[in-house]
Amino acid sequence: MIPAGRPFIRSFRVRIALITTGLAIGVVAALFVASSWTVMQRRSSILDRMMVAHLAGPGFGATAHTVWPAIDAHLNASFSGFAPVGSSENFAILRAVNGKGEKVYQSRNWPVSLLVPEALDGELRTYYGGGTQWRIGQTRRGDVLVQLGVNTSLSEAQLKATIVRFGGAVVLLCLLVGLVAWYLAGRAMRPIEHLTGVMERIRASDMRQRVSADDEALEFERLVTVFNDMLDRLERSFLQSVRFSGDAAHELRTPVAILQGELERAFERAADNPELEQALADMLDEVRRLDSIVRKLLMLSRADAGQLQIPMQPLDLVPLLRELADDLDMMAPERPLQLQLPPQMATRGDADLLRQVLQNMVSNAVKYGVPEGWIAIQARRAAGGWQVDIANQSAGIAFEHRERLFDRFYRADEAHNRRVAGVGLGLALAREIARAHGGDLRLAECTPSQVTFSLTLPAAQ
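In short, a report on the structure. Computed from a predicted model, the values in this text were never measured in an experiment. Position labels on residues start from 1 in each chain and follow its written sequence. For a predicted model such as this one, the threshold for reporting local features is a pLDDT of at least 70, and the threshold for listing and counting side-chain atom pairs is 80 or more; totals across whole chains, interfaces and linings nevertheless cover every residue. For the side-chain quantities, the full set of heavy atoms in the structure was used; hydrogens and water were omitted.

1. Side note on the overall build of the chain
- Helix and strand labels come from DSSP, where a helix needs a run of H or I of at least four residues and a strand needs a run of E of at least two; each type is numbered from the N terminus. What the chain contains, in helices and strands, is ten helices and twelve strands.
- Partly exposed residues are those whose accessible area sits between 20% and 50% of the maximum for their type, while under 20% is buried and over 50% is exposed, using a 1.4 Å probe and protein chains only. In the chain, which comprises 461 residues, the share counted as buried stands at 38%.
- Split by element, the accessible area of the chain, about 27300 Å² in all, is 57% carbon and sulfur. Every accessible area reported is derived by Shrake-Rupley at a probe size of 1.4 Å, with residue values counting cover from the shown protein chains alone.

2. Focus: helix H8 (residues 351–367)
- Under the 1.5 Å per step criterion, the end-to-end length of H8 is 24 Å for 17 residues, consistent within 8% with the ideal 24 Å.
- Every buried residue of H8 is accounted for by Leu 353, Leu 354, Val 357, Leu 358, Asn 360, Met 361, Val 362, Asn 364 and Ala 365. By definition here, a helix of n residues has an expected span of 1.5 Å times n minus one.

3. Observations regarding the packing of aromatic side chains
- Each aromatic pair joins two rings of Phe, Tyr and Trp (for Trp, the six-membered one) with centres within 6.5 Å, and gets the label stacked for planes under 30 degrees apart, edge-to-face for over 60, and tilted for any other angle. Here the structure, examined in full by the defined rule, presents two aromatic pairs.
- Measuring from ring centre to ring centre gives 5.3 Å for Phe 32 and Phe 166, while their planes differ by 40 degrees; the resulting arrangement is tilted. One end of the pair, Phe 32, is in helix H1 (residues 12–55); the other, Phe 166, is in helix H3 (residues 152–188), with 134 residues separating them in the sequence.
- Residues Trp 68 and Tyr 105 carry aromatic rings whose centres are separated by 6.4 Å and whose planes lie at 15 degrees to one another, so their mutual orientation is stacked. Highlighted residues: Trp 68 in helix H2 (residues 67–79) and Tyr 105 in strand S2 (residues 103–106), separated in sequence by 37 residues. Pair check on accessibility: Trp 68 and Tyr 105 agree, each one buried.
- For a ring to carry a charge above it, either NZ of a lysine or CZ of an arginine must fall within 6 Å of the ring centroid while also lying within 35 degrees of the normal to the ring plane. Lying over the aromatic face of Trp 386, Arg 381 brings its terminal NZ or CZ to 4.9 Å of the ring centre.

4. Some remarks on the sheet that holds strand S12 (residues 450–458)
- Strands are labelled as partners when DSSP assigns at least two bridges between them. Ordered by their spatial adjacency, five strands build an open sheet running S7-S9-S10-S12-S11, and the pairing between neighbours is mixed. Pairing within the sheet leaves two strands with one partner each, and these edge strands are strand S7 (337–340) and strand S11 (440–447). Here the average twist between neighbouring strands, direction ignored, is 20 degrees.
- Sheet topology places S7 next to strand S9 (residues 375–382); four bridges connect them, and they run parallel. Considered in S9, the bridge of Gln 338 is made with Ala 376.
- By the convention used here, residues are in contact when the closest approach between their heavy atoms is within 4.5 Å. The axes used here are C-alpha line fits, helices contributing only the stretch in contact, and every angle between their N-to-C directions lies in the interval 0 to 180 degrees. Each of S9, strand S10 (385–393), S11 and S12 is contacted by H8, which is oriented at about 25 degrees to S10, the strand it contacts most.
- Along the sheet, helix H10 (residues 426–436) makes contact with S11 and S12, crossing S11 at roughly 130 degrees.

In structure tokens, the structure reads:
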């Protein structure tokens, strides 16, 4: 069902082309109808004038029987231009009757069923006979009544054939108009496509892209100006946010490190007081957790600012994955592990950062999987690179959580109770590290029984 207010055809280019073509077709159709009606009226008028002219001519005053066939042939020749090409049917008929009602002459193709009553001179009427429509005119010369008929059915047939050909030309013209309208609509959309291309190239790490208003049409100049102003405001806000998060994380590192060191020393001195030792141990865990958050925030702020520099070194992912599988056997021995790896996975990057990404994926598989459920690690070649899939048996992820899994500090409601360790930065940081390596991290599959995350990395040349 189409929402209220939304046009049935959402493509602006298609709508413009259809509107333009519809208007053109309407105008052409109106001209076609008006022209056809004018031609028909004009043709009827010409036929009537020619008949009147022939009836007023001196030839019908003859009485010799040998003259009438010549007059009949002359009439057919005169009106033959109004018959369809290749028609063998006589176009005109002639009949002459004297004052006694005797036929002086009658054309051979005069229909038997065509009965024409005597009328006033010069009066033209339409009659039907022999399945044909005739236009009949009469004149009296002395005691001879002359009746001249023209086959208007043949005339209309020729006219219809002409109109059909003209209509075919009109259809081709309408198609041509549609193609031209589509082309012009595409040309009109080029400034919008240019703006769209600039928008697609804008990334958080590079918001300096701008559109030159001088290169666009005058009607789009204001749109370009507003768009550039919006980018300026976004860039200022984004840089301010990046600087704040980076500066805050950097400033927190020193006091957190000092606090952690003091707690570690106090913990060593509190060996004789179990209660104090437990309290210090809990505080130390929280400080270490806070230090992990600060480090991740600092790395994310560098990624946002485009300053996350990765030392690209040749490495093989297979040893990292096998080491990860060994750690998983120790972390969760009750979880069945399925491991499928190629002999070698050559890529380029930082081994410690990639190990962090893979550890985060495996850790999530353990934390959010079904207790004692299986975990599968599979790596394969895909699209010129490597793809690592880490799947686990799971109860699924609610639909409203899937789009926000990579948001910073976002955790599903059931994870906020601290029974599942984490702060909601692992996946966000892992994806930034993957992208800094030229790859990506995404949720590949989510069913009520299985969740799969996929890491893609370019293969080394």
